[in-house]
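Listed below are the residues making up each chain.
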Amino acid sequence: MVTYSLNVALIIAVSLLFYRTLLQKETFFKLNRFILLCCLVLSFIIPLIHVPASFSFRNAATPAVNTIEYTKAINDQAISPVQPVISLAPPASTIATKTRVPDAILFQTVVACTLKYLPFIYWAGVIIMGLNLLLQILVLKYQQYKGRVEKDGIFRIVEVAGDRAPCSFANCIYINPEKYDEHTYNQILQHEKIHVLQGHSFDLMVTEIVLIFQWFNVFAWLYRKDIESNLEYLTDYSVLKQNAFEKSDYQMSLLKVSVPNFATNITTNYNRSFLKKRILMMNSKRSGVNGMWKYMTLGLVMSILVCNINEPLAATVAKVLPVTSIKKPTNENTLATDAEQTPALMPQRKNNVDTAINTQLPAIATKVNEDNDTASMLKFKNTPGRIATTFEGGRFKLPFPAELENADATYSNAISNSGYSSLSQIQLDSLKTAGVTADFINNISALGYTDVPYKILCILKLTRVTPTYIQSFSDLGYGKLTLSRLIIFKFSNIEANYIRSLQHVGLTIPLDLVTMAKLRNLTPEYIQSLNDLGYKSLPFSEISMWQMEGIDADYIKGFNKIGFKDIPASSLSWLKISKVTPEFVSEMKSKGIIYDDLKKYAFAKRTKS
């Protein structure tokens, strides 16, 4: 267990060094998140892998051979063993080092005691770290139970008191709304919602579980810090990409909520000392594809670790199966015979066995061929639906049936003339089964998609991504889309007419967010209903958030009927989050509580609650 834990610690340290040296400054935040989590998981898997001795950098342990000698009796007469000569004078080396013996004994005693109690110390640390994680979860649950909770779609907004920075865990967002103005509150809320939507709590929980078992490893603590930093970079990038926030304005909001200390480890949080790096990363230039070579070296690093850390298979087998060679007592007549038949070393015995097998193998093969019953088991007749299987050269041979080998020469020639002349028979059969024709390939090529792998051609045909479907997106002005994106669009039931209908009502939607709009069932009717009320040219991020929060035309019309018209778009999100409804405002007015600003009703709602 100790060796395993130390190997895990070493791999984590190497992974951290690799990330900080090559990947930390890259802006591929999603890829960095995947790499960091994969390296963390591989750190616990790699020490369990045993590699062949030919690939290992470590020498395989030679099986120990224990030889037990017995005194031989010849003619029933025992031969007395030779008595050793005992010298009464102690060796000079013993006299010279006699004064050092107590120090050596003391050192060995300390090492022995340390090794004896090391497992107890390790498991005590594991228990303490486990209790610490449990305490953090209980604190969050207590705050959720004690504070006021507002449900906003999939989000649960927990209002906390005091000077605590906003944070999120799972689908809960912990924030004190009284500390911030409306603009800052909305931006920070968007930030925390990105954390929730992208599941960043999973990453933090994984690192906390790793720290339970690697509490002694300083590199594991630094690794957790880098994972949290990358998550904040990813969130900042997503917020600025999906919302119409000014970069400087958003950075100012981060400054307003920053705190000098860290919050709970399992929550996303704001820290003043880290904020400078986040702002620098937001202002840095996006990484280009030229930096992707750095990620390719990760496989080489992990391969070196596998070959260097793990014991080779030969050493593993040697530990499981120790070899003992025993020389039994023999008499004079049988001594020579036994010596010839009982080799002293296992390698010699192994060579003899191998020689015997190699000598008898041809005879066994001949016997198989001569035996009709055995041959009938290894060779089947070419009956319909059955593939002929023969046993040749010590291996089973699985040829294709004759009907497949000579299948449709016309189809093969047509596919070959379409630019696929080097396909095997299996690949041609796959194309034919999927329904790919030469006309289909030629039409795809005419749209600019040449040298498409045959597997992709099969997927395109099976998912019904036709040339007409591809051309429909080009007509929208998107240009040449990748085949993978077109396949995803088809799986998501996205047609060009859907995007055209959104454009018709004034919504300009980025290509990367089309799938999200479809999954959230964003319809042109919903957008048109907002346009009719004067909310035109809203960005996709805000419209998508409105739909998720339940802000529709009926909700806005309810306020219009009681005298509140031309409500700012930002105020509507604030009112919905605060659960201020037209019915609540009417109730307050009937009690004589009349405000000109709807925001005051939001504060009244909080006070009443």
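Further up the page is the structure itself.
Here is a short report on the structure shown in this document. (Residues numbered from 1 in each chain as written. Predicted model: local features only at pLDDT ≥ 70, side-chain atom pairs only at ≥ 80, totals over all residues. Heavy atoms only, no water.)

1. Some remarks on the overall build of the chain
Step number 1: Across its full length, the chain carries 29 helices and eight strands.
Step number 2: Across the 609 residues in the chain, those meeting the buried criterion constitute 38%.
Step number 3: In the chain, the proportion of contacts linking residues at least 24 apart, taken out of those at least 6 apart, comes to 66%. (Helix = DSSP H or I, 4+ residues; strand = E, 2+ residues; numbered from the N terminus. Buried < 20%, exposed > 50% of the residue type's maximum accessible area, 1.4 Å probe, protein only. Contact = heavy atoms within 4.5 Å.)

2. Regarding the environment of Trp 221
Step number 1: Looking at the element boundaries, Trp 221 is found in helix α7 (residues 218-242).
Step number 2: By relative accessible area, Trp 221 is classed as partly exposed at 36%.
Step number 3: Placed 10 residues apart in sequence, Trp 221 and Leu 211 show a C-alpha to C-alpha distance of 7.1 Å.
Step number 4: Ignoring sequence-local partners within four residues, the contact set of Trp 221 consists of Met 129, Leu 211, Gln 214 and Trp 215.

3. Thoughts on helix α5 (residues 182-197)
Each turn of an α-helix holds 3.6 residues, which means side chains three or four residues apart point in the same direction.
Step number 1: Here α5 is 16 residues long and its end C-alpha atoms lie 22 Å apart, about the 22 Å a rise of 1.5 Å per residue gives.
Step number 2: Extensive coverage of α5 is indicated by the burial of 14 of its 16 residues.
Step number 3: Following α5 by one or two positions, Gly 199 has its phi on the positive side, about 65 degrees. (Expected span 1.5 Å × (residues − 1).)

4. Remarks on the packing of helix α2 (residues 29-45) against helix α6 (residues 200-213)
Step number 1: For the pair α2 and α6, interaxial distance at closest approach is 11 Å and the crossing angle is 30 degrees. Relative to α6, the element α2 is oriented roughly parallel. Remark: the crossing between α2 and α6 carries left-handed chirality. Contact residues: Arg 33, Leu 37, Leu 40 and Phe 44 in α2; His 200, Phe 202, Asp 203, Val 206, Thr 207 and Val 210 in α6.
Step number 2: Per-class residue counts for the contact of α2 with α6 are six nonpolar, two polar and two charged. (Axes fitted to C-alpha atoms, helices over the stretch in contact; angles between N-to-C directions. Parallel < 35°, antiparallel > 145°, perpendicular 65-115°, else oblique. Left-handed = near helix turned anticlockwise from the far one by under 90°. Nonpolar A, V, L, I, M, F, W, Y, C, P; charged D, E, K, R; others polar.)

5. Things to note about a nonpolar patch on the surface
Step number 1: Together, Val 2, Leu 6, Tyr 117, Leu 118, Phe 120, Ile 121 and Phe 216 make up an exposed nonpolar region whose accessible area comes to about 660 Å².
Step number 2: Those elements that place two or more of their residues in the nonpolar patch are α1 (2-23) and α4 (101-146).
Step number 3: Looking at which element gives the most residues to the nonpolar patch, the answer is α4, with four residues.
Step number 4: If you trace the backbone, Tyr 117 turns up in helix α4.
Step number 5: Residue Tyr 117 is classed as partly exposed on the basis of its relative accessible area of 45%. (Patch = residues over 30% accessible without salt bridge, like charges linked within 9 Å, V, L, I, M, F, W, Y side chains within 5 Å. Areas by Shrake-Rupley, 256 points an atom, 1.4 Å probe, with all protein chains shown as cover. Salt bridge = Lys/Arg side-chain N within 4 Å of Asp/Glu carboxyl O.)

6. Things to note about the pairing of strand β5 (residues 172-175)
Step number 1: Because side chains alternate across β5, one face comprises the buried residues Cys 172 and Tyr 174, and the other comprises Ile 173 and Ile 175, equally buried.
Step number 2: Alignment of strand β3 (residues 155-159) against β5, held across four bridges, turns out to be parallel. Each bridged residue has a counterpart across the sheet, and for Ile 157 the counterpart in β5 is Ile 173.
Step number 3: The turn linking strand β4 (residues 167-169) back onto β5 is made up of two residues, and Ala 170 within it adopts a positive phi angle of 55 degrees. (Pairing = 2+ DSSP bridges.)

7. Quick word on the pattern of salt bridges
Step number 1: If you walk through the whole model with that rule in mind, you get 12 salt bridges.
Step number 2: Asp 236 serves as the salt-bridge partner of Arg 278, at 2.9 Å between the closest nitrogen and oxygen. Remark: Asp 236 occurs in helix α7 and Arg 278 occurs in helix α9 (residues 272-283); sequence separation between them is 42 residues.
Step number 3: Classification of Asp 236 as buried rests on a relative accessible area of 1%.

8. Thoughts on the packing of aromatic side chains
Step number 1: All chains considered together, the criterion is met by 13 aromatic pairs.
Step number 2: Aromatic pair Phe 29 and Tyr 233: ring centres 5.8 Å apart, planes at 40 degrees, arrangement tilted. Here Tyr 233 lies in helix α7 and Phe 29 lies in helix α2, a separation of 204 residues in the sequence.
Step number 3: Taking the relative accessible area as the measure of exposure, Tyr 233 reaches 9% and is therefore buried.
Step number 4: Across the ring face of Tyr 237, the terminal group of Arg 286 is positioned such that the distance to the ring centre comes to 4.2 Å.
Step number 5: Cation over ring: Lys 480 sits above Tyr 449, and NZ or CZ is 4.9 Å from the ring centre. (Phe/Tyr/Trp six-rings, centres within 6.5 Å; stacked < 30°, edge-to-face > 60°. Lys NZ or Arg CZ within 6 Å of the ring centre and 35° of its normal.)

9. Brief notes about unusual backbone geometry
Step number 1: Phi at Arg 464 is positive, roughly 65 degrees, even though this residue is not glycine.
Step number 2: Taking the relative accessible area as the measure of exposure, Arg 464 reaches 64% and is therefore exposed.
Step number 3: Notably, Ser 537 is not glycine yet its phi reads approximately 55 degrees, a positive angle.
Step number 4: Within the fold, Ser 537 resides in the loop between α24 (524-532) and α25 (540-549).
Step number 5: Judged by its relative accessible area of 68%, Ser 537 is exposed.

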